[in-house]
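So the chains spell out like this:
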Amino acid sequence: VQLVESGGGLVQPGGSLRLSCAASGFTFSSYAMSWYRQAPGKERELVATIISFGGITNYADSVKGRFTISRDNAKNTVYLQMNSLKPEDTAVYYCNTRRGLTNYWGQGTQVTVSS
């Protein structure tokens, strides 16, 4: 399993970013995918999850209405569209998939929201 995130960067409050996670090494369309984030000094937290064939999604309360998770099974890629970004969204964002009790992670991409 390999997960490679991209799309992070520096953005002003109220701005938008789209993160991408390219997956390989497994049958992407068969598994749920998630985005997590970890801010300095804080625990890693679940941001959003999408099931294997899209449709059903789940979000942390802190991002509902601002973030959208989606996937393209033909491209083996999961996305996180982040709108109305706030300084408290600053964190390293990680792509995740799970097999039973085993979690697989990407290297993370830094998102910084600051004026």
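Data block above holds the structure.
Here is what the cut-offs are and how they apply
- Residues numbered from 1 in each chain as written.
- Predicted model: local features only at pLDDT ≥ 70, side-chain atom pairs only at ≥ 80, totals over all residues.
- Heavy atoms only, no water.
- Pairing = 2+ DSSP bridges.
- Helix = DSSP H or I, 4+ residues; strand = E, 2+ residues; numbered from the N terminus.
- Axes fitted to C-alpha atoms, helices over the stretch in contact; angles between N-to-C directions.
- Disulfide = S-S within 2.5 Å.
- Buried < 20%, exposed > 50% of the residue type's maximum accessible area, 1.4 Å probe, protein only.
- Salt bridge = Lys/Arg side-chain N within 4 Å of Asp/Glu carboxyl O.

Student: Help me out: how do you make sense of the sheet that holds strand 1 (residues 2-6) in this one?
Tutor: Note on sheets: strands pair through backbone hydrogen bonds, and any given pair is parallel or antiparallel. Spatially, the four strands line up as an open sheet ordered 1-3-8-7, and their pairing is antiparallel. Two strands lie at the open edges of the sheet, namely strand 1 and strand 7 (67-72), each paired on one side alone. Taken over all neighbouring pairs, the strand axes of this sheet differ in orientation by 15 degrees on average, direction set aside. Alignment of strand 1 against strand 3 (residues 17-24), held across five bridges, turns out to be antiparallel. Looking at strand 3, one finds that Gln2 is bridged to Ser24.

Student: Sorry, what's going on with the state of the cysteines here?
Tutor: Cysteine pairs can be linked by a disulfide, which is a covalent bond between their two sulfur atoms. Under the counting rule described, the total for this entry stands at one disulfide. Covalent S-S linkage joins Cys21 and Cys95, the inter-sulfur distance amounting to 2.1 Å. Between Cys21 and Cys95, the S-S dihedral sits near -85 degrees, and the bridge is therefore left-handed. With Cys21 in strand 3 and Cys95 in strand 9 (residues 91-99), this residue pair connects regions lying 74 residues apart in the sequence. For Cys95, a relative accessible area of 0% gives the class buried.

Student: Honestly, the pattern of salt bridges in this entry has me stumped. Any pointers?
Tutor: It is possible for side chains of opposite charge to pair when their charged atoms get near one another. The full count for this structure, using the stated rule, is four salt bridges. Glu45 is paired through a salt bridge with Arg37; the nearest N and O atoms lie 2.6 Å apart. One salt bridge in this structure joins Arg66 and Asp89, with 2.8 Å as the shortest N-O distance. Of the two residues, Arg66 is situated in the loop between strand 6 (57-59) and strand 7 and Asp89 in the loop between strand 8 (77-82) and strand 9; the sequence distance between them amounts to 23 residues. Across the pair, exposure class does not vary: Arg66 and Asp89 are buried alike. Several salt bridges converge on common partners, so that one network encompasses Arg37, Glu45, Arg66 and Asp89.

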